[in-house]
2 protein chains.
Amino acid sequence: MARLVMKFGGTSVANIERIRNVARHVQREVEAGYQVAVVVSAMSGKTNELVGWCREAAEAVSSDPVYDQAEYDAVVASGEQVTAGLLALLLNKMGLKARSWQGWQIPMETSDAHGSARISAVPPDNLDAGFARGEIAVIAGFQGIHKESGRITTLGRGGSDTSAVAVAAAVKAERCDIYTDVDGVYTTDPRVVAKARKLDKVSFEEMLEMASLGSKVLQVRSVEIAMVHGVRTFVRSSFDDPANPTPGTLICDEEEIVEQQVVTGIAFSRDEAQITLRRVADKPGVAAAIFGPLADANINVDMIIQVVSDDSTTDMTFTVPAAEYERASAILHKAQNDIGFAAVQGATDVVKISAIGVGMRSHAGVAAKAFRALAEKGINIRAITTSEIKFSVLIDKDYTELAVRTLHSLYGLDKV
Amino acid sequence: MARLVMKFGGTSVANIERIRNVARHVQREVEAGYQVAVVVSAMSGKTNELVGWCREAAEAVSSDPVYDQAEYDAVVASGEQVTAGLLALLLNKMGLKARSWQGWQIPMETSDAHGSARISAVPPDNLDAGFARGEIAVIAGFQGIHKESGRITTLGRGGSDTSAVAVAAAVKAERCDIYTDVDGVYTTDPRVVAKARKLDKVSFEEMLEMASLGSKVLQVRSVEIAMVHGVRTFVRSSFDDPANPTPGTLICDEEEIVEQQVVTGIAFSRDEAQITLRRVADKPGVAAAIFGPLADANINVDMIIQVVSDDSTTDMTFTVPAAEYERASAILHKAQNDIGFAAVQGATDVVKISAIGVGMRSHAGVAAKAFRALAEKGINIRAITTSEIKFSVLIDKDYTELAVRTLHSLYGLDKV
């Protein structure tokens with residue numbers, strides 16, 4: 001029997017009425033002949049409540065916000081456990097055989113990086129046995145177990161997508177359906193560009209870039225696992241009529257996509273901050289001196305540009321996540337003597353806009369076209385990065401919508 | 001190092017501020033040199049919320065209220081898991097080494113009677129290892145695991161008391177402190193009798209009778225386990241100043257109690273209903289015909305009296321829990337032909353009042369004195385049962401307070 005993994009996020013299971021609706025989607029697929037595993041998130045708002053309690057507990061003792069991540073995981077994982085139990089209860093009540101699975105029961109084995117653990121293995125034996133008993137597996141997403149310590153772990157925000165794709169790979173599912181509050185992957189955010197089009201198909205690599213560059217439809221790690229294991233993954237709407245659903249967007253191998261566009265989508269991320277170090281001594285080892293301390297503090301550095309001046313110093317500009325801006329500035333100030341620079345300058349009113357498309361591999365001048373179009377609109381580019389299938393520009397936040405609309409039209413993505 | 005188990009109920013952990021206070025109690029005992037295990041309930045109101053969702057999920061499908069108890073357990077057990085994680089997080093933040101334990105992690109092994117499972121074994125190895133690492137064990141009460149199925153179970157309402165005593169027995173704790181919203185065990189409910197006295201000590205057997213007969217201070221099963229394993233158990237207040245707590249009531253072996261009263265306490269239960277079968281054929285096997293079907297339906301029958309008439313029929317009166325009254329009546333009506341009786345009569349406006357004391361063993365006429373005193377107040381007794389260390393009378397509910405006060409004075413229990 002063919003197997004199917006279905007994943008429903010927090011807004012899709014926000015209350016019992018919506019969980020009832022999820023059960024109808026599950027029923028449809030069971031009746032279509034699938035062995036079904038359903039992965040669920042916590043009910044909308046629950047994770048925030050639980051995280052809030054952890055913070056409050058830590059702050060009851062001291063103002064220092066750092067606290068025990070292993071206990072955080074034990075607390076927060078309970079949210080998915082509740083949804084899984086409720087959905088299994090409801091499915092059983094409908095006469096469908098179902099049982100809930102928590103991360104440790106599967107087991108969904110992970111690293112011990114509590115709060116952002118990585119899945120290391122998903123032995124399929126227990127789930128296989130459940131399928132053999134004719135059970136629907138209702139799986140608590142976002143959570144796992146660190147085998148050596150026997151402790152509960154969580155995968156980080158959005159981790160239920162990753163759980164779903166990992167389960168699909170483990171049980172060799174025909175496909176993995178990610179049900180969300182949007183009906184598929186769009187050429188760009190439809191709230192910003194009214195002419196955004198839903199894509200029927202998008203390649204794993206493009207989706208990976210989109211997720212990394214600001215599209216919030218899927219978690220990056222889930223796309224990585226889907227790509228590595230070749231899991232055909234659909235992004236589709238949980239708010240469709242369960243009796244008459246629309247297909248959504250298929251994420252698949254590049255080869256499956258016949259009519260390939262040069263550019264498939266425009267992504268943007270407002271969570272960026274720019275830092276410039278003025279008059280850095282232009283000598284060997286200076287990059288290590290700058291980026292070493294930031295890496296040690298777990299701060300991701302993204303776009304890096306270096307402008308050499310006449311006086312054998314250089315201006316070094318790079319971006320960090322906006323949430324890490326203050327921390328990064330403080331670290332750099334502290335290391336000023338080691339690095340040797342005149343001043344730190346920064347800006348948080350910036351946005352990173354990216355164009356993604358596997359077609360770029362075979363087409364030259366794709367990015368140059370964009371630089372020209374943006375210049376014509378009077379948009380100044382602060383930084384640029386490119387890779388094989390995407391390019392990104394850093395610009396002033398005020399121009400976000402204009403720039404996204406400009407590139408969306410430029411590459412022929414507008415809905416007709 | 002001596003070991004101590006501390007248990008805190010739902011009102012004692014109702015919010016972060018109270019959990020902080022619990023942590024102070026724990027800190028005091030750690031500083032006194034104990035290896036501490038803390039057992040916690042769900043935050044007050046949380047279990048009701050979770051149970052409510054289970055009901056709502058079942059009722060979303062059909063009006064039949066029956067649903068999957070294994071999934072109920074998976075959902076409801078999450079409440080204690082959250083409290084345990086939060087308390088461990090808070091203790092760690094205070095610089096005390098602590099970790100949370102869920103039922104399956106210990107493991108707290110139980111039967112598979114989901115919703116009201118019985119503890120079958122508590123292998124101490126994992127907890128011992130934790131103590132050896134210098135950790136405070138913060139244990140989610142009320143929950144366990146059925147080893148064969150690997151599924152989460154719950155022990156039924158009030159089950160955290162039982163978890164605590166079972167852990168105390170397993171780790172050979174010096175004592176088990178049950179922190180509640182009252183400061184000890186009283187001669188009777190202080191809300192009914194202003195002159196009720198707090199007991200310094202009460203024997204296991206008396207406490208067992210009190211719990212069975214309506215006192216809500218401790219769960220019956222917890223007292224059974226404490227008695228069998230000789231766990232010295234204190235009932236004490238969680239609202240005391242952690243720096244200056246009062247000792248509460250010790251539940252211990254009879255031998256430890258030097259000045260033994262004839263009667264130690266007066267308990268009462270309003271959750272009783274009386275059923276009378278009129279003109280039952282007085283023949284062998286009739287009791288089995290009546291009580292067999294009730295037992296099959298899991299309905300507990302308590303006080304039974306039989307009055308034989310002249311015409312070789314008998315009137316059979318007994319009590320059942322008030323919540324089961326309708327179901328019991330329906331079952332008896334259905335079995336009318338098998339049993340052979342003229343009519344079913346019933347009353348739910350009754351109360352069972354009990355006097356408990358190990359001193360009854362060596363004193364005759366204790367109950368007779370009560371019958372006389374109640375008669376003098378014009379209180380009609382509907383049924384009587386006695387055992388070695390207690391007697392109970394069934395009377396009209398209206399006379400509850402009067403009867404309890406009368407017996408409380410009669411046996412010299414009033415506070416002076």
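## A word on the sheet that holds strand β1 (residues 3-8) of chain A
All names here are of chain A.
Part 1 of the argument: Reading across the sheet, the 8 strands line up as β3-β6-β2-β1-β9-β11-β12-β10 and stay open at both edges, with mixed pairing between neighbours. Each end of this open sheet is capped by a strand with a single partner; those strands are β3 (98-101) and β10 (201-203). Strand-to-strand twist in this sheet, taken as the mean axis angle between neighbours without regard to direction, amounts to 20°.
Part 2 of the argument: Examined bridge by bridge, strand β2 (residues 35-40) and strand β6 (residues 136-140) share 4 bridges and lie parallel to one another. The partner of Val-39 across the bridge, within β6, is Ile-139.
Part 3 of the argument: Across the sheet, helix α4 (residues 78-93) is in contact with β2, β3 and β6; its angle to β6 comes to roughly 160°.
Part 4 of the argument: Helix α6 (residues 159-170) contacts β1, β2, β6, β9 (175-180) and β11 (233-237) of the sheet and is inclined by roughly 175° relative to β1.

## Concerning the side chain of Glu-206 of chain B
Residues and elements named next belong to chain B.
Part 1 of the argument: By secondary structure assignment, the location of Glu-206 is in helix α7 (residues 204-212).
Part 2 of the argument: It is Arg-361 that comes nearest to the buried, bridge-free Glu-206 among opposite-charge side chains, at 7.7 Å.
Part 3 of the argument: One polar contact links Glu-206 to Thr-264, side chain to side chain, over a distance of 2.5 Å.
Part 4 of the argument: Excluding residues within four positions of it along the chain, Glu-206 makes contact with Gln-260, Thr-264, Ile-356, Gly-357, Val-358 and Ile-389.

## Quick word on the confidence of the model for chain A
Part 1 of the argument: For chain A, mean pLDDT is 93; residues scoring 70 or higher make up 100% of the total.
Part 2 of the argument: Here the complex is predicted with pTM 0.88, and the ipTM for its interfaces comes to 0.86.

## What about the environment of Thr-348 of chain B?
Residue and element names in this part refer to chain B.
Part 1 of the argument: Relative to the helices and strands, Thr-348 resides in strand β16 (residues 343-356).
Part 2 of the argument: Separated by 49 residues in the primary sequence, Thr-348 and Lys-397 have C-alpha atoms spaced 8.6 Å apart.
Part 3 of the argument: Not counting the four nearest positions on each side in its chain, Thr-348 is found in contact with Glu-272, Ala-273, Tyr-325 and Lys-397.

## Brief notes about the relation of the copies chain A and chain B
Part 1 of the argument: With an RMSD of 0.1 Å, the operation that places chain A on chain B is a rotation of 180° combined with a shift of 0.0 Å along the axis. Here the transformation between the copies is reduced to the relation of a two-fold axis. Considering only C-alpha atoms, the residue of chain A closest to the rotation axis is Ser-78 of chain A, which sits at 2.7 Å.
Part 2 of the argument: A symmetric contact is evident, with 100% of the interface residues of chain A recurring at the interface of chain B.

## Observations concerning the nonpolar core
Part 1 of the argument: If you look at the biggest cluster of nonpolar residues, it comprises 42 residues, and the most contacted ones within it are Val-5, Leu-127, Ile-139, Val-167 and Cys-176 of chain A.
Part 2 of the argument: No other element matches α6 of chain A, which puts 7 residues into this core.
Part 3 of the argument: Ignoring anything within four residues of it in the chain, the contact list for Val-5 of chain A reads Ala-37, Val-39, Ala-164, Val-167, Ala-168, Val-171, Ala-173, Arg-175, Cys-176 and Asp-177 of chain A.
Part 4 of the argument: If you look at the next biggest cluster of nonpolar residues, it comprises 41 residues, including Val-5, Ala-170, Val-231 and Ala-267 of chain B.

## A short note on the domain arrangement of chain A
All names here are of chain A.
Part 1 of the argument: Splitting chain A by domain gives domain 1 (3-258) and domain 2 (266-410).
Part 2 of the argument: The interface of domain 1 with domain 2 comprises 18 residues on the first partner and 19 residues on the second.
Part 3 of the argument: Summing the contributions of domain 1 and of domain 2, the shared interface buries around 1,400 Å²; its carbon and sulfur component is 62%.
Part 4 of the argument: The partner of Glu-254 in a salt bridge is Arg-361, and the shortest N-O contact between them spans 3.0 Å.
Part 5 of the argument: Taken together, the links from domain 1 to domain 2 amount to 6 residue pairs in polar contact (both at pLDDT 80 or more).
Part 6 of the argument: The dominant element in the side of domain 1 that touches domain 2, judged by the number of residues it contributes, is helix α7 (residues 204-212), at 4 residues.
Part 7 of the argument: Of the residues contributing to the side of domain 1 that touches domain 2, the split by class is 5 nonpolar, 5 polar and 8 charged.

## Overview of the interface of chain A and chain B
Part 1 of the argument: Contact with chain A, which involves 46 residues of that partner, is made by 46 residues of chain B.
Part 2 of the argument: Of the roughly 3,600 Å² buried at the junction of chain A and chain B (both faces included), carbon and sulfur atoms supply 65%.
Part 3 of the argument: Per-residue buried area on chain A facing chain B is highest for Trp-53, Leu-89 and Lys-93 of chain A; these three make up 19% of the total on that side.
Part 4 of the argument: Put simply, chain A and chain B have 4 salt bridges between them.
Part 5 of the argument: With its nearest N and O atoms 3.6 Å apart, the salt bridge here joins Lys-46 of chain B to Glu-49 of chain A.
Part 6 of the argument: The interface formed by chain A and chain B holds 15 residue pairs in polar contact (both at pLDDT 80 or more) in total.
Part 7 of the argument: Broken down by class, the residue content of the side of chain A that touches chain B amounts to 26 nonpolar, 10 polar and 10 charged.

## Quick word on the state of the cysteines
Part 1 of the argument: Evaluation of the coordinates by the stated rule reveals 0 disulfides over all chains.
Part 2 of the argument: No disulfide involves Cys-252 of chain B; its nearest neighbouring cysteine sulfur is the one of Cys-176 of chain B, lying 14 Å away.

## Some details on the packing of aromatic side chains
Part 1 of the argument: Scanning the entire structure with this criterion turns up 11 aromatic pairs over all chains.
Part 2 of the argument: Relative to Trp-104 of chain B, the ring of Trp-104 of chain A has its centre 3.9 Å away and its plane inclined at 10°; by these criteria the two rings are stacked. Of this pair, Trp-104 of chain A sits in the loop between β3 and β4 (109-110) while Trp-104 of chain B sits in the loop between β3 (98-101) and β4 (109-110), each in a different chain.
Part 3 of the argument: Under the relative-accessibility criterion, Trp-104 of chain A is labelled buried at 11%.
Part 4 of the argument: Each member of the aromatic cluster is reached from another via a ring pair, and the members are Phe-371, Phe-391 and Tyr-411 of chain A.
Part 5 of the argument: If you follow Arg-99 of chain A out to its NZ or CZ, it ends over the ring of Trp-101 of chain A, 3.7 Å from the centre.

About the cut-offs
Residues numbered from 1 in each chain as written. Chains lettered and ligands numbered in written order. Predicted model: local features only at pLDDT ≥ 70, side-chain atom pairs only at ≥ 80, totals over all residues. Heavy atoms only, no water. Pairing = 2+ DSSP bridges. Helix = DSSP H or I, 4+ residues; strand = E, 2+ residues; numbered from the N terminus. Axes fitted to C-alpha atoms, helices over the stretch in contact; angles between N-to-C directions. Contact = heavy atoms within 4.5 Å. Buried < 20%, exposed > 50% of the residue type's maximum accessible area, 1.4 Å probe, protein only. Lys, Arg positive; Asp, Glu negative; His and termini not counted. Salt bridge = Lys/Arg side-chain N within 4 Å of Asp/Glu carboxyl O. Polar contact = N/O pair within 3.5 Å; in protein donor to acceptor, adjacent residues only side chain to side chain. pLDDT = per-residue confidence, 0-100. Least-squares fit on C-alpha atoms with pLDDT ≥ 70 in both. Core = buried A, V, L, I, M, F, W, Y, C linked by side-chain atoms within 4.5 Å. Domains from an automatic or database assignment. Buried area = accessible area lost by both parts, 1.4 Å probe. Nonpolar A, V, L, I, M, F, W, Y, C, P; charged D, E, K, R; others polar. Disulfide = S-S within 2.5 Å. Phe/Tyr/Trp six-rings, centres within 6.5 Å; stacked < 30°, edge-to-face > 60°. Lys NZ or Arg CZ within 6 Å of the ring centre and 35° of its normal.

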